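Here is how the chains run, residue by residue.
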Amino acid sequence: MSSDGSSPVASKMQGFLKRSSWIRKMFEEGLRLKAKYGAENICDLSLGNPDLAPPHVFQKALEAKAMDRSAGVHAYMPNAGLADVRARVAEHAGRDHGVGLGADEIVMTCGAAGGLNIIFKSLLDPGDEVITPRPFFVEYSFYVDNHEGRLVPVDSARGFSLDVNAIKRAMTQKTKAILINSPNNPSGAVYSEDSLKALAGMLKEAEGLCGRRVFLVSDEPYRRIVFDGKSAPAVLRHYEASIVATSFSKDLSIPGERIGYVAVHPDVPQKKALVGALNLANRILGFVNAPALMQRVVAEVIDTAVDIKIYERRRDLLAGILSDAGYEFVMPQGAFYFFPRSPISDDVKFVSMLQDELILAVPGSGFGLPGHFRLAFCMDEKVIERSRAGFMAAMKKANGSV
Ligand SMILES: Cc1ncc(COP(=O)(O)O)c(C=O)c1O
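Residues numbered from 1 in each chain as written. Predicted model: local features only at pLDDT ≥ 70, side-chain atom pairs only at ≥ 80, totals over all residues. Heavy atoms only, no water.

A. Structural detail: the site of the ligand. By nearness alone, 14 residues border the ligand, and Asp 219, Tyr 222, Ser 247, Ser 249 and Arg 258 come closest of all. At a separation of 2.8 Å, an oxygen atom of the ligand approaches a polar side-chain atom of Asn 185. In the environment of the ligand, an oxygen atom lies 2.6 Å from a nitrogen or oxygen atom belonging to the side chain of Ser 249. Protein chains bury 92% of the 390 Å² of accessible surface belonging to the ligand in isolation. With three residues, helix α5 (residues 111-123) is the largest single contributor of residues to the shell around the ligand. For the shell around the ligand, the per-class residue count stands at six nonpolar, five polar and three charged. (Near = heavy atom within 4 Å. Polar contact = N/O pair within 3.5 Å; in protein donor to acceptor, adjacent residues only side chain to side chain. Areas by Shrake-Rupley, 256 points an atom, 1.4 Å probe, with all protein chains shown as cover. Helix = DSSP H or I, 4+ residues; strand = E, 2+ residues; numbered from the N terminus. Nonpolar A, V, L, I, M, F, W, Y, C, P; charged D, E, K, R; others polar.)

B. Structural detail: the side chain of Asn 282. Mapped onto the secondary structure, Asn 282 falls in helix α9 (residues 271-284). Under the relative-accessibility criterion, Asn 282 is labelled buried at 0%. When residues no more than four places from it in sequence are discounted, the contact partners of Asn 282 are Asn 79, Val 107, Met 108, Ile 118, Phe 287, Val 288 and Asn 289. (Buried < 20%, exposed > 50% of the residue type's maximum accessible area, 1.4 Å probe, protein only. Contact = heavy atoms within 4.5 Å.)

C. Broad picture of the pairing of strand β2 (residues 106-109). Because side chains alternate across β2, one face comprises the buried residues Ile 106 and Met 108, and the other comprises Val 107 and Thr 109, equally buried. By the bridge criterion, four bridges tie β2 to strand β8 (residues 260-264) in an arrangement that is antiparallel. Pairing of Met 108 across the sheet is with Tyr 261, part of β8. (Pairing = 2+ DSSP bridges.)

D. Up close: helix α4 (residues 83-97). With 15 residues, α4 extends 20 Å from end C-alpha to end C-alpha; this agrees with the ideal 21 Å at 1.5 Å per step. Of all the positions in α4, only Val 85, Arg 86, Val 89, Ala 90, His 92, Ala 93, Gly 94 and His 97 are classed as buried. Its buried side turned inward, α4 meets β2, β7 (242-247), β8 and α10 (292-300). Just beyond α4, the residue with positive phi is Gly 98, at close to 70°. (Expected span 1.5 Å × (residues − 1).)

Written out as structure tokens, the structure reads:
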């Protein structure tokens with residue numbers, strides 16, 4: 001029975017719609033501003049939609065694969081994906097993570113979002129808890145709820161780094177998984193090797209004490225977008241009960257193509273059962289399998305990524321603008337977001353003050369951490385440069401000096 005008798009929409013879904021209504025409102029306000037002032041006059045820093053063109057080799061591989069007329073090229077396939085593609089992905093991911101991976105440890109997915117959903121479908125019983133550090137990607141609570149679990153956000157440590165003690169304190173008999181995201185959306189934090197080691201150590205100790213295995217789920221669509229010549233430490237190296245969900249959405253700039261993969265640790269407990277569950281989840285959630293053409297294309301270009309230096313330049317430009325205007329922020333080490341502190345405690349109000357200056361941003365409340373706001377820098381440098389005066393003006397107004 002829905003809460004609103006006249007609505008065909010389930011009451012739970014009505015609640016979700018209400019919860020995300022401010023996102024819709026903001027989006028609509030953005031459209032209104034663009035219509036009123038012209039899109040070219042609005043600094044839209046609200047969306048994590050990469051603007052860079054995919055690498056040239058991607059386009060070439062796509063054209064070549066599209067010409068393939070062999071029998072069965074468009075047929076159904078195993079739910080995990082094409083065997084030769086999985087072998088290629090396993091070789092690449094194994095090298096990257098410093099563990100030996102085989103094709104049977106890879107499931108091709110409809111993006112990282114599809115990957116997370118098959119993981120939670122496979123792991124969660126009703127009421128199981130998934131702990132995640134805040135701020136966190138807004139969709140996590142929906143993905144966990146899709147599979148009858150409960151998301152349990154915990155505080156991060158200084159600079160949005162991993163607070164292993166906070167995670168430990170939040171663990172209960174119902175904790176089934178820890179969900180981490182590094183490089184992080186929205187904070188841009190990259191978790192250090194030491195913090196991953198400490199997390200793995202804590203989880204092993206917890207298992208030793210109470211015989212309960214807690215899975216580590218690592219959401220890594222920004223893994224290859226790391227700045228200052230650094231790289232993101234690998235989770236699989238530290239903990240056997242770990243599962244990675246990732247995609248090519250950001251590093252190849254192809255989020256609309258819905259292609260990614262899940263990699264399970266080669267020594268993950270009950271591997272056969274787990275991989276079988278992931279495959280079935282791909283099927284029964286209605287994904288069936290990841291898009292065939294895209295599987296073939298990404299396997300060809302898997303060692304390629306967009307030019308990260310472009311994002312790094314934009315990060316530096318926006319950091320300069322924010323510093324000059326007096327905003328407090330942690331310098332992002334990866335991904336393409338800033339998560340500055342709002343100069344007034346009401347982040348939703350401050351985002352609307354930015355809108356008055358024709359800048360679109362997202363309130364931190366949407367990421368489980370009010371008092372902040374998120375800015376994306378996956379847009380042209382001209383757009384970022386144009387935001388300078390608006391950031392200054394909004395800060396002055398927030399300080400009551402205008
Ligand atoms: C942290 C995080 N996880 C998952 C996703 C979903 O990625 P995909 O488009 O590959 O499904 C996103 C997309 O923005 C993201 O930021």
